[in-house]
Protein chains: 2
Amino acid sequence: MNAVTIKDVARIAGVSPATASRVLSGNPATSPEARARVEAAVEELGFLPNAQARSLRSTKTDSIALLISDVRNPYFSDLAHAVEQHARAAGLMTFIGNANEDSAQQDDFLATMLSRRVDGMIVVPQGLGEQAGTATSMMRRIVDSEIPMVFVDRTLHDIAVPNITAQSREALNEAIAALKSNGHRRIAFIGGPKHASTALERHRAFDAALEANGLPTDAALHFAGDFRTASGADGARWFLAHPLAPSAVIIADAPMAIGALKVWRELRAKVGTDFSVVAFDEVDALLMHDPPIATISHNLEAMGRAAVQALLAVIRQEEADPLELVSSFTLRPSVATAPPENAVHTEGTRP
Amino acid sequence: MNAVTIKDVARIAGVSPATASRVLSGNPATSPEARARVEAAVEELGFLPNAQARSLRSTKTDSIALLISDVRNPYFSDLAHAVEQHARAAGLMTFIGNANEDSAQQDDFLATMLSRRVDGMIVVPQGLGEQAGTATSMMRRIVDSEIPMVFVDRTLHDIAVPNITAQSREALNEAIAALKSNGHRRIAFIGGPKHASTALERHRAFDAALEANGLPTDAALHFAGDFRTASGADGARWFLAHPLAPSAVIIADAPMAIGALKVWRELRAKVGTDFSVVAFDEVDALLMHDPPIATISHNLEAMGRAAVQALLAVIRQEEADPLELVSSFTLRPSVATAPPENAVHTEGTRP
DNA sequence: TTGTAGGCGTTATCAG
DNA sequence: CTGATAACGCCTACAA
């Protein structure tokens, strides 16, 4: 296939493989003449060094792996873009892997990347268990291998690696204060899966924000989704049929919000009139919706940059600055301020 | 780091490295006893084989590279998802690279992947020149290396590798017929960049569809965008200010359509009333728009599947069926059927 | 400045 | 079925 090796280059250039290698790796101990001849030979043969063989001896590969939860979720593709551009600026190639919200797919990718000796990994970890999620045994093995690794967006509560996460409490405070000032009292929450730390964080911040605003928390107003479109659709139906008739709902990510909005449209439920909706993640689909949906958004660009910086610090064995990203809340009056008086729910009429 | 090698495993298991290797690679020429002991040793040591070294000897790596143009474009992330799932079903790991619509980034990724000896590549090629785009010299080198490769979505007119592309003529015929039957006569086109073959194909199909419907083609009604959001915004302003006052516009991809819609919203131009819009790519943002935008969509799932199949055929050196995917057209009446009588344009009133 | 001679971790070959 | 041995492509002492 690409059978041309450094020996071929050396032969054509009339030098030894060692000299050719030195030229190729920029070793100063080379004569200008040797350099010229080797470079000519490389050009002539179209030689591309075999990274496998190279990193068998040396160790740096100038590449990192990035594992995201779901390529099709704009939240993660924005993150991927940010990571990729910052890594590139630092001279690192990024290989993107898609876990598809599945820990087995995560494990395959990470194991393959580890065995291919990337210089480090930036991972949105796929958890298994309760609460913030717990590591798979493969994840533990990979962490034990001591490859430089940072978590981004999510964490695992039983693994101690540097992590870049966002904090949504302030934004939820604002959102709920806005809803309350418009008369909303029963606010539902469509949350994420137990294995994702972000789901837990958002859920807790939601409860805390209710309390901070003097509203009662109620487990019955919490729907456990899985961050994917289909569960948002389920949540939408659950919301409409809820016996407590909540007048507003906060949805913990964009795919679920989109799933929910599609259901509501089908059922002719009037978002923003019958009830109010606030969703995490500022994506085009939510802004284009009629009426536009209020959103709580993280700064993915900053998150990606921070993740790359943190990883570089680990690779260089420096101290990493402990970073915390705070989400911001964007209120779109047409939606979040819809008073519950208009709500079908509060009148007991439901599709 | 992961210093445990197959020799350690062999030592613990009390067999030779060769035997350990056979067990690990599923070679049938192994005794049950050897298998058991090796597996126990692997478990005990947490051994992970070094893929670098492995593929230095063998050649298969059970992995492929996928290069897409833009991770943040839902069109490509859907494609990535499809490719990844089908490759996974075929036992192949997928490494995703983001060209970011930039041929230099493409070249870096492909060169790195080639040197890491993936088994094959599925590429949305980034062209350079005129028309369907022309290959970079790195692309040529990579093709010359004879690594199994297929193009998907786009092609390069000076490179002959199997390619999976879509054909939009029928869909555009339908769209323009629908527009015409609603009285539209001057239809604008916001197209893609010259280096993308899809841009050329869609532009030609647009002209052909006009002719097929007995409408004149007019270069003045064509705006050259670049498939990214910002150029869609430019196109939107161009459209509103156009001296010929077209009453409908077809936009060649979703990011440009979204950019355009945002501008029109800001300027209070009434999409679907003042003028009609049809856009390529069925993405949530276009469906959520008020009113929903008519879309022309390809089946990305089928495209991804076909690309994986074609690549597998190349890898196995089989004949690949020359595949051609036809795009499907979804007409959403509320928009595409808006009669031009309502158009601000035809009345000469423009924001 | 250059060449020679190992060796990185694995698998293919060949003899037993 | 197993074990020794060589080789994959490259890099790096070490010696010249």
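In this text, all values refer to a predicted model and were calculated from it rather than measured experimentally.

A. Summary view of the relation of the copies chain A and chain B. With an RMSD of 0.4 Å, chain A superimposes on chain B once it is rotated by 179 degrees and translated 0.2 Å along the axis. Within this description, the copies of the chain are treated as partners about a two-fold rotation axis. Distance from the rotation axis, computed per C-alpha, reaches its smallest value in chain A at Ala285 of chain A: 1.9 Å. Looking at chain A, 98% of its interface residues are interface residues in chain B too, so the copies touch through the same face.

B. Structural context of the interface of chain A and chain B. Opposite the 54 residues of chain A that make contact, chain B presents 54 residues. Taken together, the two surfaces of chain A and chain B that pack against each other cover about 5400 Å², and 57% of this comes from carbon and sulfur. At the junction of chain A and chain B, the tally comes to four salt bridges. Secondary structure elements with two or more residues in the side of chain A that touches chain B: α4 (51-57), α5 (74-89), β2 (93-98), α6 (103-115), α7 (137-144), α11 (254-266) and α12 (284-288) of chain A. Considering each element in turn, the side of chain A that touches chain B owes the most residues, eight residues, to α6 of chain A. Looking at side-chain class alone, the side of chain A that touches chain B contains 23 nonpolar, 18 polar and 13 charged residues.

C. Local environment of the protein's contact with DNA strand D. If you check the shell around DNA strand D, you find 23 residues, and the closest are Ile6 of chain A together with Thr19, Arg22, Ser31 and Arg57 of chain B. Between DNA strand D and the protein, one listed contact pairs a phosphate oxygen with a side-chain N or O atom of Ser21 of chain A at 3.0 Å. Here a phosphate oxygen of DNA strand D sits 3.1 Å away from a polar atom, N or O, in the main chain of Asn50 of chain A. Put simply, the parts of the chain that give the surface near DNA strand D at least two residues each are α2 (17-24) and α4 of chain A together with α2 (17-24) and α4 (51-57) of chain B.

What counts and what doesn't
Position labels on residues start from 1 in each chain and follow its written sequence. As a convention, the first chain written is A and the first ligand written is 1, with the rest following in written order. Confidence filtering applies because this is a predicted model: local features only for residues at pLDDT of at least 70, side-chain atom pairs given and counted only at 80 or more, and all residues used for totals across whole chains, interfaces and linings. Only hydrogens and water are removed before side-chain values are computed, so all heavy atoms of the structure are retained for them. Copies are brought into register by a least-squares superposition over C-alpha atoms of residues with pLDDT of at least 70 in both. Whether two residues touch is decided by their heavy atoms; if any such pair falls within 4.5 Å, the residues are in contact. Joining two parts hides part of their accessible area as seen by a 1.4 Å probe, and the buried area is that hidden amount summed over both. Here, a salt bridge means any side-chain nitrogen of Lys or Arg that lies within 4 Å of a carboxyl oxygen of Asp or Glu. Strands here are runs of E lasting at least two residues and helices are runs of H or I lasting at least four, both read from the DSSP assignment and numbered beginning at the N terminus. Throughout, the ten residues Ala, Val, Leu, Ile, Met, Phe, Trp, Tyr, Cys and Pro are labelled nonpolar, Asp, Glu, Lys and Arg are labelled charged, and all others, Gly among them, are labelled polar. Note on terminology: near, applied to a residue and a molecule or strand, indicates that one of the residue's heavy atoms is within 4 Å of it. Polar contact is defined as a pair of N or O atoms within 3.5 Å, subject to the rule that within protein one atom must be able to donate a hydrogen and the other to accept it, and that residues adjacent in sequence are counted only when both atoms are side-chain atoms.

Shape is all these values report; function is a separate question.
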